[in-house]
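Tertiary structure, described
The primary structure of each chain is shown beneath.
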Amino acid sequence: MNKYAQVFQGTAFTSKSPKEVEILEDYLFCINDKGMIEQVVAPTNNDYSILLNAYEGKENFHRLAEGQYFLPGFIDLHVHAPQWAQSGTALDIPLYDWLNTYTFPIESKFSDLEFAKTVYEEVVNTLLANGTTTALYFATVHKEASFMLAEICANKGQRGLVGKVVMDNPDQNPDFYRDASTKTALEDTEAFILAVKELAKTTKQGVYPVVTPRFIPSCTDDALKGLGELAAKHDTHIQSHCSESDWEHGYVQDRFQKNDAFALNDFGLLGEKSVMAHCNFLDDNDANLFAETGTAVCHCPISNAYFANSVIPIAHLHAKGVEIGLGSDISGGFSPSLFDNARQAVISSRMLEDGVDTTLPASERGVPSSRITINEAFYLATAGGGEGLSLPIGRLAEKYAWDVQIIDTKLATAKLPIFNVEEDLSDVFQKIMYLVRPENIREVWVQGEKVHSRI
Ligand code: GUN
Ligand code: FE
């Protein structure tokens, strides 16, 4: 009997470090029945021909055709699933107005489970079709609809980490959309955690409950404290928005006389399993606290260009030892694609470094050492996200989950400009990162199961 559930043969790209991409040319990837990569075998390895002899031609052997490549599945560290319903709209007003005029009204509609089902099915399908194999979701305040999102991830095979959003502060949230009280917010969160943990037992890829204070303004002190305690009690992930905009950053300073990072830490909301979205206004003390506690930053480059009017200095935060992943921030960011967000991360970083104000002399423009390469953006979307979540995902390496996207560069309707003229595989990698469209994502696998196919 053959040992492995599946064996894949082909060329893969995976991050070795933030700056380096490893090219595994024509390797074998041996997957066990739990969907984990058990062996990664180079063509020069003695086992290569033995494995080929044993598996070639069998139903569980998959060889990529010419022009096809494996990439790790992307990890979206920040998606508001209900906001898919308004993606692409209202991007030209400030965050505070956007939340109150557009976002809270649409999120309030998720008390209607039929509506929730329609939107949530579409957003999970869309993310899978864009190569996102793991997503860290904000749902809404509604316990039932939030659980439905976890069920949809479970059924479609996506690794979903889902939060019932907590917004109990009557001073900052509208009456039509908030938790009824601090007590019910905490009770609903605990019931949600327990239900998702039960659901997780029925899945291969895992679904996870996430403690989710929307952001400091939306929560009372008692809720923030209670949520920190619930996360510790049930050992869950935690997510929130942190130091996103001038307005929000200023609000937290007024309320606590400190930055978000220290305020969140006081409530037990930072740690190895915490992911904080945006973090545009982190100072060096905040960054050190993130590094010490193992808290990850989620960089949302498209959204930040609209709502935060800022670019975070990725290279500087990496140098300080902060874990960083990438997020679409649907619908603060309009695109569900982490390819698009990786491209924007590179573009924004170049504008930060170079400066764009030509009324200043060239020597006075920009922030030095801010640029990142497409390799670093790829790292954020894959290995960086896995580290942020403390899960064995985001790399094509032994002991990692088989979460992959199979990229087809030769598709007739979306062919990449690869002409095999003195071109090496690192050029192919860059073309994939810059030019792939959803059509080129031929198959998507999560934990050894095919969850999306264009054929
Ligand atoms: N801060 C609080 N809620 C939100 C949200 O939904 N999107 C963004 N971008 N920032 C927020
Ligand atoms: Fe957000």
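Along each chain, the written sequence defines residue order, and numbers are assigned to residues from 1. All chains are assigned letters beginning at A, and all ligands numbers beginning at 1, according to the order in which they are written. Whole-chain, interface and lining totals are the exception, using all residues; otherwise, since this is a predicted model, local features are given only for residues with pLDDT of at least 70 and side-chain atom pairs are given and counted only at 80 or more.

All right, on to the overall build of the protein chain then. Secondary structure elements are defined from DSSP: runs of H or I of at least 4 residues count as helices, runs of E of at least 2 residues count as strands, and each element is numbered from the N terminus. For the protein chain, the count of helices and strands is 15 helices and 17 strands. Taking 455 residues into account, the globule formula puts the C-alpha radius of gyration at 23 Å, and the protein chain, at 22 Å, falls close to it. Structurally, the protein chain occupies a C-alpha span of about 65 × 60 × 40 Å along its principal axes. Three exposure classes are used, all based on how many other C-beta atoms lie within 10 Å of a residue's own C-beta (placed from the backbone): buried at 20 or more, exposed at 12 or fewer, and partly exposed between those limits. Across the 455 residues that make up the protein chain, the buried fraction comes to 53%. A pair of residues counts as a contact when their C-beta atoms, built from backbone coordinates, are separated by no more than 7 Å. Relative to all contacts within the protein chain whose residues are 6 or more apart in sequence, the contacts with residues 24 or more apart total 73%. All radius of gyration figures rest on C-alpha atoms, and the globule criterion is 2.2 Å times the number of residues raised to 0.38.

For the rest of this paragraph, the subject is the packing of helix H12 (residues 338-354) against helix H13 (residues 374-381). Remark: H12 packs on H13, axes separated minimally by 9 Å, with the N-to-C direction vectors making an angle of 135°. It follows that H12 is oblique to H13 by the angle criterion. The interaxial crossing formed by H12 with H13 has right-handed handedness. Contacts between H12 and H13 pair Leu338, Ala342, Ala345 and Val346 from the former with Ile374, Ala377, Phe378, Leu380 and Ala381 from the latter. Helix axes use the C-alpha atoms of the stretch in contact, all axes being lines fitted to C-alpha atoms, and the angles between their N-to-C directions lie in the range 0 to 180 degrees. Between 65 and 115 degrees an angle is taken as roughly perpendicular, under 35 as roughly parallel, over 145 as roughly antiparallel, and anywhere else as oblique. Each helix crossing is assigned a hand: it is left-handed if the near helix lies turned anticlockwise from the far helix by less than a right angle, otherwise right-handed if that turn is clockwise.

Now for the domain arrangement of the protein chain. Domain annotation of the protein chain identifies domain 1 (6-72 + 395-453) and domain 2 (74-389). The C-alpha centroid of domain 2 is placed 30 Å from the C-alpha centroid of domain 1. Facing 22 residues of domain 1, the contacting portion of domain 2 comprises 25 residues. The set of elements that each furnish at least two residues to the side of domain 1 that touches domain 2 consists of helix H15 (425-435), strand S16 (441-446) and strand S17 (449-453). Polar here means any residue outside two lists: the nonpolar Ala, Val, Leu, Ile, Met, Phe, Trp, Tyr, Cys and Pro, and the charged Asp, Glu, Lys and Arg; Gly therefore counts as polar. Taken together, the residues of the side of domain 1 that touches domain 2 break down into eleven nonpolar, six polar and five charged. Here the bounds of each domain stem from an automatic or database domain assignment.

A few words on helix H3 (residues 113-129). With 17 residues, H3 should reach 24 Å at 1.5 Å per residue; the first-to-last C-alpha distance of 24 Å fits that figure. For H3, the set of buried residues is Ala116, Val119, Tyr120, Val123, Val124, Leu127 and Leu128. Buried residues along H3 cover an arc of 160° about the axis, so they all sit on one side. Of the exposed residues in H3, those oriented more than 90 degrees away from the buried face are Glu114 and Thr118. Structurally, H3 contributes buried residues whose contacts are with strand S6 (74-80), strand S7 (132-138), helix H4 (143-156), S16 and S17. Just downstream of H3, Gly131 is the residue with a positive phi angle, here 90°. One less than the number of residues in a helix, times 1.5 Å, gives the span that helix is expected to have. In this description, one arc is meant: the one made by directions from the helix axis to the C-beta atoms.

Taken together, His80, Leu95, Leu99, Thr103, Arg214, Phe215, His241, Glu244, Ser303, Phe307, Asp329 and Gly332 are the residues near ligand 1. Those elements that provide at least two residues to the shell around ligand 1 are helix H2 (95-108) and helix H10 (301-308). Sort the elements by how many residues they give to the shell around ligand 1 and H2 lands first, with three residues. A per-class count over the shell around ligand 1 returns four nonpolar, five polar and three charged. By definition, a residue lies near a molecule or strand provided its backbone-derived C-beta atom is within 6 Å of it.

For the rest of this paragraph, the subject is helix H9 (residues 284-293). Along an α-helix, a turn takes 3.6 residues, which lines up residues three or four apart on a common side. For H9, every residue scored as buried is listed here: Asp286, Ala287 and Phe290. Looking straight down H9, one finds its buried side chains confined to an arc of 100°; they lie on one side. Relative to its buried face, H9 has exposed residues pointing more than 90 degrees away, namely Asp284, Asn285 and Glu292. As for H9, its buried residues are in contact with helix H8 (260-266), strand S13 (296-299) and helix H11 (314-319).

What follows is about the environment of Ile193. Position of Ile193 relative to the elements: it lies in helix H5 (residues 182-200). Take Ile193: there are 22 C-beta atoms within 10 Å of it, and that puts it in the buried class. Beyond its immediate sequence surroundings of up to four residues, Ile193 is in contact with Pro209, Leu230, His234 and Thr236.

Okay, the UniProt feature "domain: Amidohydrolase-related" (unreviewed entry) in the protein chain next. UniProt positions are given in the numbering used here, feature names are shortened, and annotations may be inferred rather than shown by experiment. Using the residue numbers shown here, the UniProt feature "domain: Amidohydrolase-related" (unreviewed entry) corresponds to residues 71-451. Note that residues 71-451 is 43% helix and 16% strand, and that its end C-alpha atoms are spaced 15 Å apart.

Moving on: the pairing of S6. By the criterion of burial, S6 is predominantly enclosed, with seven of the seven residues buried. Two strands pair if DSSP finds at least two bridges between them. The pairing of S6 with S7 spans five bridges and is classified as parallel. Counterpart to His80 in the pairing with S7 is Phe138.

For S7, the tally of buried residues reaches seven of seven residues, placing the bulk of the element in the interior. Here five bridges tie S7 to strand S8 (residues 159-163), and the two strands are oriented parallel to one another. Counterpart to Phe138 in the pairing with S8 is Gly163. Whether a crossover is right-handed comes down to one check: with the strands pointing away from the viewer, does the path from the first strand over the helix to the second run clockwise; if it does, it is right-handed. Between S7 and its parallel partner S8, the chain crosses via H4, and the hand of that crossover is right-handed.

Moving on, we get to the packing of H4 against H5. Across the interface, H4 lies against H5 with an axial gap of 10 Å and an inter-helix angle of 20°. Here H4 lies roughly parallel to H5, going by the angle between them. Note on packing geometry: the crossing formed by H4 with H5 is right-handed. In this structure, H4 contributes Lys143, Ser146, Phe147, Ala150, Glu151 and Ala154 to the contact, and H5 contributes Asp188, Ala191, Phe192, Ala195, Val196 and Leu199. Partitioning the contact of H4 with H5 into residue classes produces eight nonpolar, one polar and three charged.

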